[in-house]
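# Structural features, examined
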Amino acid sequence: MLKASAIAGTAACSGCGSRVGPFSFPGAIIGAARDRGHELRGDRRLDEPVAEWHTVDVVIVGGGVAGLASAWTLDKLGLRDFVLLELEEALGGTSRGGRSDVSAYPWGAHYLPTPMPENIELLRLLHEAGAIEQFDADGSAVYAEEQLCRDPEERLFYDGQWHEDLLPSDVSDRERGEWDRFRIEVDAWVAWRDPQGRRAFVLPSDRGSDDPKVAALDAISMTEWMEQRRFHSPFVRWEIEYACRDDYGTTLDQTSAWAGLFYFASRIRNPGESPQPLLTWPEGNGRLVRFFADQLGNRARTGMLVTAMRPAKSATSGGNGGGVDEAASLKPGSMPEGPFDGVEVVARSAADGILRGWRARHAIFAGPQFIARRIIENYDRERGDAVRQFTYAPWLVANLHLRDRPVEHSFPVAWDNVIRDGQGLGYVVATHQSGRDHGPTVLTYYRPLCEFTPSEGREWLESCDWNACVDVVLRDLEIAHSDLRPLIVRLDVMHWGHAMIRPVPGFRFGTARARCQERFGNIQFAHTDLSGIALFEEAFAHGCRAAREIADQQRERVP
Amino acid sequence: MAIVQPVQPALEQAGWGKGEPLRLDRAPLFLLYINVLIIASCGLVYELLAGTLASYVLGDSVTQFSLVIGFYLFALGIGAWLSGFIVGSPARVFVEVELAVALVGGCSAPVLFLAFGYLRGFHFALFSVVTLIGTLVGLELPLLMRILKEHLDFRDLVSRVLAFDYIGALAASLLFPLFLVPQLGLVRTSFVVGLLNALVALWGTHLLRPLLPRRVGGLQGRAFLVIGLLVAGIIKADLFTDLAEEQQFGNPVVFARTSQYQRIVVTRSESDFHLFLNGNLQFHSADEYRYHEALVHPAFSAAIDRRHVLVLGGGDGLALREIFRYPDVESATLVDIDPAMTELGSGLPLLRTLNADAFGDRRLRVIHEDALIWLEQVDRKYDLVIIDFPDPSSFAVGKLYTTTFYRRLLRCLAPDGVVAVQCTSPLSAPRSFWCVVKTLENAGLHTWPYRASVPSFGEWGFVLAARRDLGTVSNWRLDERVASQLKFLDNSGLQGLFELPLDMRRLEVEPNRWNNQILVRYYESEWARWK
């Protein structure tokens with residue numbers, strides 16, 4: 001593919017030290033915790049004695065949206081004695097945001113479609129966080145208008161001009177007809193119900209149907225599905241692939257037809273309707289992260305590298321309880337006295353380097369499976385085969401701090417600005433939602449590295465120094481903004497090595513995903529990778545579920 | 001035509017070797033007369049430029065032309081008189097003077113435009129420039145005659161030079177109104193004519209070579225420099241005025257500035273002037289009182305308390321003029337995003353006269369910020385809010401007409417406060433007009449839509465809004481202290497504003513929301529019909 005060879009060329013150049021830059025503005029590659037995370041690769045988790053032990057009801061490992069939602073739900077359920085351990089200095093995972101003098105800005109996930117009325121837990125969160133002002137008599141949510149994505153929402157650059165919306169007007173009637181036909185197919189899935197009355201595609205996805213007709217979609221790629229349905233138009237292909245790259249970091253070939261259709265059908269409530277309106281904030285989903293964080297207080301500990309989790313024997317454990325019998329591997333002296341029924345978690349603090357341990361009745365592992373394998377004892381042995389089927393898309397995200405706006409000649413700046421001939425997804429404008437239309441701003445540029453295999457993509461990221469990254473970013477953005485470079489005062493780059501779980505064909509309805517959702521001793525799992533699609537709603541639902549299951553276990557425990 | 005004999009002193013002065021003949025035979029002599037013709041044309045064009053520009057920006061063309069012509073002729077005399085003091089090579093001085101005329105005259109129109117926009121002392125700048133050009137032009141002919149006197153007898157010299165001088169004047173007076181101003185505009189005309197003078201100077205270094213010092217490189221270098229400057233001026237003339245703009249507006253542009261936010265243009269006709277933002281008329285000095293009386297006084301008549309007033313937009317100060325008529329106004333806060341706009345309102349003499357020096361009022365506080373952003377942090381209450389934003393022709397302005405905006409506004413509106421909003425034409429753009437009304441209602445306000453006839457705009461729409469029902473319009477009365485000062489509204493006129501004719505009756509429209517700026521789309525489609 002052209003795209004792949006172009007970016008491969010860049011990679012080769014940056015690898016062989018070709019000269020790009022120097023650029024007249026400063027910046028850095030963010031993601032220092034990556035190196036700390038890599039410490040886990042060395043087998044040194046239990047080399048040192050634990051300096052101090054704490055006892056809590058629940059330990060949550062991972063401060064992304066799943067972990068934060070677990071904490072929020074535990075609070076709701078009255079289980080307030082917990083601690084949340086996060087590797088990075090900031091909470092939020094891929095939903096976190098940053099802030100400058102000019103504006104807050106996202107580093108990853110940056111919008112949330114308003115949920116359907118059935119997603120009660122999420123509606124409750126949005127109500128508490130102030131995004132929903134009230135519920136009308138008929139139960140429908142009234143959103144805080146300024147948190148709904150400001151018009152104009154999207155524009156597309158092609159033929160040297162910006163155009164409103166992402167649907168270009170320069171396509172033939174035949175192609176447009178094909179797009180209409182695709183919309184009809186999507187509407188058919190929106191209307192579809194299984195014998196139990198479940199939709200095929202709904203958020204959270206676990207409430208959707210597992211009917212064989214739906215499962216069959218997961219067996220083929222979106223490309224194959226489009227072939228079968230005779231969608232040949234390059235325009236339709238571009239539109240659908242854009243959606244897949246945007247939500248999953250995958251190409252049409254890499255996306256299962258289930259996931260490809262999920263993107264479109266899960267956002268439409270009734271056939272013929274427009275997709276649900278979007279909520280967004282200058283800092284992206286970092287706004288909801290901040291809401292969660294405000295509730296947590298000092299129960300959230302950042303800069304904590306969890307080095308080990310050990311499930312212990314549990315009388316009430318009904319799960320498969322793998323590794324229960326091999327539980328005696330903690331170093332002598334660190335073992336608690338007497339019988340212990342729960343989980344031990346050991347973490348090193350970045351601030352003081354001290355190794356601390358927590359003994360908890362329950363733990364929630366709210367990180368990705370490839371990390372679970374490295375820190376949960378015996379997990380690799382029990383579920384390694386399954387975990388290896390989880391693959392994650394690498395992304396490059398850049399924040400461009402501008403002293404002023406590029407000159408606009410055609411359709412005016414929107415929130416999401418997509419360059420059709422670019423290799424990335426375009427950029428979002430941080431100040432759009434706050435209504436600041438003049439002067440300094442921050443643009444967030446997104447680039448899934450789906451032209452590579454995931455591991456090649458990560459190698460490419462590691463080979464890219466800052467200059468090479470800036471070159472990649474500018475090469476894309478300068479297609480639409482030739483005057484951009486002198487406006488930049490700072491450009492920071494985020495390397496997301498494992499940004500999103502990839503919904504490749506067969507993953508969603510395969511056994512690996514189902515297996516890894518089951519609790520492991522007293523460890524519950526909560527992460528978007530358990531859904532196969534990296535969406536806020538999925539992380540949130542997993543977090544809530546994990547917390548509820550712990551509460552249920554607690555109740556069983558009390559006679 | 002006889003080629004005149006060489007002159008020994010000039011020859012020696014020019015550094016030619018003895019015995020070599022010095023002849024002005026490098027070109028036929030009539031080329032020198034062409035020079036005279038060009039010089040004369042240029043001189044008259046500068047005079048016409050200054051006169052035209054002065055009457056553009058100050059009005060009263062009889063006075064302006066009379067004064068400019070008088071000063072100019074007087075300065076010509078000064079120049080002629082000063083020429084008597086020049087010793088040494090008249091040819092060199094002539095070239096120098098030409099270059100000076102080229103520079104000063106060529107830049108005269110842009111300099112005067114800038115002076116008008118930025119300085120208070122426009123008259124001083126005007127007469128300084130006119131006197132300087134006149135003096136320099138006054139030097140030209142005597143010097144040229146001194147150069148030629150060695151080659152012609154006095155009778156021929158006077159008759160031919162003066163004849164070509166007057167032919168040049170005729171040519172200029174025909175070209176100026178028929179070609180130069182309509183085709184080039186004032187600023188470009190100024191640069192082009194300056195360029196002609198500079199070319200004459202450059203040509204002079206060649207034509208008068210025998211009469212010049214040996215090394216003319218310096219002179220030529222300066223000539224090229226001046227030519228370069230003027231050519232750059234011609235290319236960049238749009239920075240001062242845009243000819244396309246003059247054609248668009250149909251009147252001469254007397255002030256133009258592109259700020260960070262918008263293109264501000266003031267044009268001038270015989271007796272009036274007009275302000276345009278991004279090409280849209282903001283006011284016409286002849287009928288703006290109708291608009292601003294209609295914008296301000298209904299709200300003041302309906303309000304109980306009117307001590308603290310907030311004005312959003314309105315950097316021209318004309319709404320402020322109406323507001324400051326009320327002695328009970330204790331404070332007025334004006335929020336306009338664009339400092340260039342309030343500078344214009346407080347600095348441009350034409351506008352200061354029109355807004356009764358509203359920016360000098362001690363009750364006024366001016367804030368330069370996007371009103372939407374400013375409202376987010378405001379922590380006090382206002383009794384009256386006058387909203388005078390431009391029409392919602394873009395999303396950046398359209399956001400100032402959304403439910404989100406009005407809800408923010410409500411937070412700083414006193415419980416009994418009244419809001420007046422200008423909201424485009426209910427006749428030309430009825431859906432846009434009713435959309436603003438609907439949006440205010442959606443934000444939880446009672447509304448009283450009304451309209452006034454403003455000839456330069458057409459039928460114009462406004463709406464009053466308040467938290468509570470202000471009662472019937474017939475109970476609203478103009479303040480007696482103010483009523484006597486008004487030119488448009490009296491009490492019955494005030495009631496009449498609220499009677500909407502059939503062709504402006506209410507339409508069912510969507511409110512303008514933050515996430516769906518339907519108003520911008522309504523506005524675009526409705527005004528497209530009229531453009």
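First things first, this report covers the structure right here in the doc. (Residues numbered from 1 in each chain as written. Chains lettered and ligands numbered in written order. Predicted model: local features only at pLDDT ≥ 70, side-chain atom pairs only at ≥ 80, totals over all residues. Heavy atoms only, no water.)

## Concerning the overall build of chain A
Counting its regular elements, chain A contains 16 helices and 21 strands. Counting across all 559 residues of chain A, residues that qualify as buried make up 60%. Partitioning the contacts of chain A with sequence separation of at least 6, the portion at a separation of at least 24 is 76%. Just so you have it, chain A exposes about 21,900 Å², and 50% of that area is on carbon and sulfur atoms. (Helix = DSSP H or I, 4+ residues; strand = E, 2+ residues; numbered from the N terminus. Buried < 20%, exposed > 50% of the residue type's maximum accessible area, 1.4 Å probe, protein only. Contact = heavy atoms within 4.5 Å. Areas by Shrake-Rupley, 256 points an atom, 1.4 Å probe, with all protein chains shown as cover.)

## Here we look at the pattern of salt bridges
Side chains that differ in charge, positive against negative, can pair when their charged atoms come close. All names here are of chain A. Under the definition given, this model contains 54 salt bridges over all chains. Residue E128 is joined to R124 by a salt bridge in which the shortest nitrogen-to-oxygen separation is 3.9 Å. Taken together, the residues E128 and R124, both in helix α4 (residues 120–128) and four residues apart, mark about one turn of the helix. Note on R124: relative accessible area 47%, which makes it partly exposed. (Salt bridge = Lys/Arg side-chain N within 4 Å of Asp/Glu carboxyl O.)

## Concerning the sheet that holds strand β5 (residues 308–313) of chain B
Residues and elements named next belong to chain B. Spatially, seven strands are ordered β7-β6-β5-β8-β9-β11-β10 in an open sheet, and the strand pairing comes out mixed. Each end of this open sheet is capped by a strand with a single partner; those strands are β7 (364–367) and β10 (446–454). Taken pair by pair, the neighbouring strands of this sheet meet at an average axis angle of 15°, ignoring direction. Pairing of β5 with strand β8 (residues 382–388) involves five bridges; the strand directions are parallel. Bridge assignment links V309 to a residue of β8, and that residue is L384. With respect to the sheet, helix α17 (residues 430–442) is in contact with β9 (413–422), β10 and β11 (458–466), its orientation differing from that of β10 by roughly 155°. (Pairing = 2+ DSSP bridges. Axes fitted to C-alpha atoms, helices over the stretch in contact; angles between N-to-C directions.)

## Quick notes on the packing of aromatic side chains
Counting across every chain of the model gives 53 aromatic pairs over all chains. Relative to F231 of chain A, the ring of F182 of chain A has its centre 5.8 Å away and its plane inclined at 85°; by these criteria the two rings are edge-to-face. Here F182 of chain A, found in helix α5 (residues 173–191), pairs with F231 of chain A, found in the loop between α7 (222–228) and α8 (234–248); they are 49 residues apart in sequence, far enough to count as distant. Taken together, the aromatic side chains of Y291, W448, Y450, F457, W460, F462, W476, F498, Y523 and W527 of chain B make up a single cluster linked through ring pairs. In this arrangement the basic side chain of R181 of chain A is found over the ring face of F231 of chain A, its NZ or CZ atom lying 4.3 Å from the centre. The residue whose ring lies beneath R420 of chain A is Y158 of chain A, and the NZ or CZ to ring-centre distance is 4.2 Å. (Phe/Tyr/Trp six-rings, centres within 6.5 Å; stacked < 30°, edge-to-face > 60°. Lys NZ or Arg CZ within 6 Å of the ring centre and 35° of its normal.)

## Points about the pairing of β9 of chain B
Consecutive side chains along a regular strand alternate between the two faces of the sheet. Residues and elements named next belong to chain B. Taken across its ten residues, β9 has eight buried, putting it largely inside the fold. Relative to β9, β8 runs parallel, the two being bridged by five bridges. Its bridge partner being in β9, Y382 is matched across the sheet by L413.

## Quick look at the nonpolar core
Among the nonpolar cores identified, the biggest contains 93 residues, and F182, W225, M309 and I376 of chain A are the most heavily contacted of them. Beyond its immediate sequence surroundings of up to four residues, I376 of chain A is in contact with M309, P311, F365, F520, I523 and F525 of chain A. (Core = buried A, V, L, I, M, F, W, Y, C linked by side-chain atoms within 4.5 Å.)

## Regarding the sheet that holds strand β17 (residues 416–419) of chain A
Residue and element names in this part refer to chain A. Sheet architecture is open: eight strands sit in the order β1-β20-β16-β19-β18-β17-β9-β10, paired in mixed fashion. At either margin of the open sheet sits one strand with a lone partner, and together these are β1 (29–30) and β10 (161–164). Examined bridge by bridge, strand β16 (residues 392–402) and strand β20 (residues 488–501) share ten bridges and lie antiparallel to one another. Residue pairing across strands places W395 opposite W496, the latter belonging to β20. Sheet strands in contact with α8 are β9 (154–158), β16, β17, β19 (441–448) and β20, and its direction is about 90° off that of β20. Sheet strands touched by helix α13 (residues 454–463): β16 and β20. Its angle to β16, the strand with the most contacts, is close to 35°.

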